[in-house]
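Given next are the chains, with one letter for each unit.
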Amino acid sequence: MSIFRETFKAIRITLVIWLLTAIVYPLFILLVGQSFFPISANGSMISNINNQLIGSTLIGQGFTSDRYFHGRPSAVRYSQGKKAQPTGISGGSNLAPTNPELKKRILKQVEELQNQDKQPVGDLIYTSGSGLDPHISLKAARQQIERVAQARGIQEDDIIPLINKYFDGRFLGIFGEPGVNILRLNYALDLQDINLQQN
């Protein structure tokens, strides 16, 4: 009789722990996140003026038009199809530093920048470890100002305040690298164009 009582007690404790850790705690965290940090809890998604999702500020996207600032190259390719639905894939190329394919890709990137009379900057040549980095350095952003300004038909001085606005410093002043969030910057440029057309 004692063994059945102990077994029932063990099952009951297991169910209580499961209820607390698998249901109560996640629901509590969900409630706190949605109540106090709704943007972060939902993936830091950005919507355009038509209320359509255009992407997450946490995940890089592949901008190729001269009208936009370009981000870091990605070994896994950024979100394909609808911009607001990332592939969910992350990771580097896993190519060793001595791999000829890696060297070939880097030299191609360097050549493209040199053809544009740009100094090759690390974050416009090398992919990030995750392959999804949404930031570039201030130096890489400054190198693209002239191209973006010419493509949009605006002054470079109209772009600089936006770069400063979307520049993210180090977390708590010491963690990570500072950089410019490309999605937020490019969307701000589109909004600026819309405002200029309306005025």
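To be clear, the structure that these remarks concern was listed above.
Just so it is clear, the model here is predicted, and its values are computed rather than measured.

Basis of the calculations
Residues numbered from 1 in each chain as written. Predicted model: local features only at pLDDT ≥ 70, side-chain atom pairs only at ≥ 80, totals over all residues. Heavy atoms only, no water. Core = buried A, V, L, I, M, F, W, Y, C linked by side-chain atoms within 4.5 Å. Buried < 20%, exposed > 50% of the residue type's maximum accessible area, 1.4 Å probe, protein only. Helix = DSSP H or I, 4+ residues; strand = E, 2+ residues; numbered from the N terminus. Contact = heavy atoms within 4.5 Å. Patch = residues over 30% accessible without salt bridge, like charges linked within 9 Å, V, L, I, M, F, W, Y side chains within 5 Å. Areas by Shrake-Rupley, 256 points an atom, 1.4 Å probe, with all protein chains shown as cover. Salt bridge = Lys/Arg side-chain N within 4 Å of Asp/Glu carboxyl O. Phe/Tyr/Trp six-rings, centres within 6.5 Å; stacked < 30°, edge-to-face > 60°. Arc of directions from axis to C-beta. Pairing = 2+ DSSP bridges.

Q: How should the nonpolar core be read in this particular structure?
A: One broad rule of soluble globular proteins: the nonpolar side chains tend to lie buried together. Of all hydrophobic cores here, the largest spans 30 residues; its most connected members are Phe69, Ile159 and Ile163. At the level of secondary structure, the elements contributing two or more residues to this core comprise helix H3 (100–115), helix H4 (122–125), helix H5 (138–152), helix H6 (156–165) and helix H7 (182–198). The leading source of residues in this core is H7, at six residues. Not counting residues up to four positions away in its chain, the partners in contact with Ile163 are Phe69, Leu138, Ala141, Ile145, Val180 and Leu185.

Q: Where do I start with a nonpolar patch on the surface in this structure?
A: On the surface, Ile11, Leu15, Val16, Trp18, Leu19, Leu20, Ile23, Val24, Leu27 and Leu30 cluster together to form a nonpolar patch covering roughly 920 Å² of accessible area. Among the structural elements, Trp18 can be located in helix H1 (residues 2–36). A residue is classified by how much of its surface remains accessible, and Trp18, at 48% relative accessible area, is partly exposed.

Q: Looking at this model, I keep getting lost on the packing of aromatic side chains. Mind explaining?
A: In this description, a pair of aromatic rings is defined by centroid distance and the angle of the planes. Throughout the structure, instances matching the rule amount to one aromatic pair. Ring geometry for Phe63 and Tyr68: centres 5.3 Å apart, planes at 40 degrees, overall tilted. Accessibility expressed as a relative area gives 10% for Phe63, which makes it buried. A relative accessible area of 18% places Tyr68 in the buried class.

Q: Hey, could you run me through H6 in this one?
A: Turn by turn, an α-helix covers 3.6 residues, leaving residues three or four places apart pointing in a common direction. Ile159, Leu162 and Ile163 are the residues of H6 that are buried. End-on, the buried residues of H6 take up no more than an arc of 105 degrees, which puts them together on one face. Of the exposed residues in H6, the ones pointing more than 90 degrees away from its buried face are Asp157 and Lys165.

Q: Would you take a moment to explain the sheet that holds strand S3 (residues 135–136) for this structure?
A: What the three strands build is an open sheet, ordered S3-S5-S4; its pairing is antiparallel. Strand pairing shows two members of the sheet lacking a second neighbour, S3 and strand S4 (167–168), which therefore form its edges. The pairing of S3 with strand S5 (residues 179–181) spans two bridges and is antiparallel. Bridging from a neighbouring strand, Ile136 pairs with Val180 of S5.

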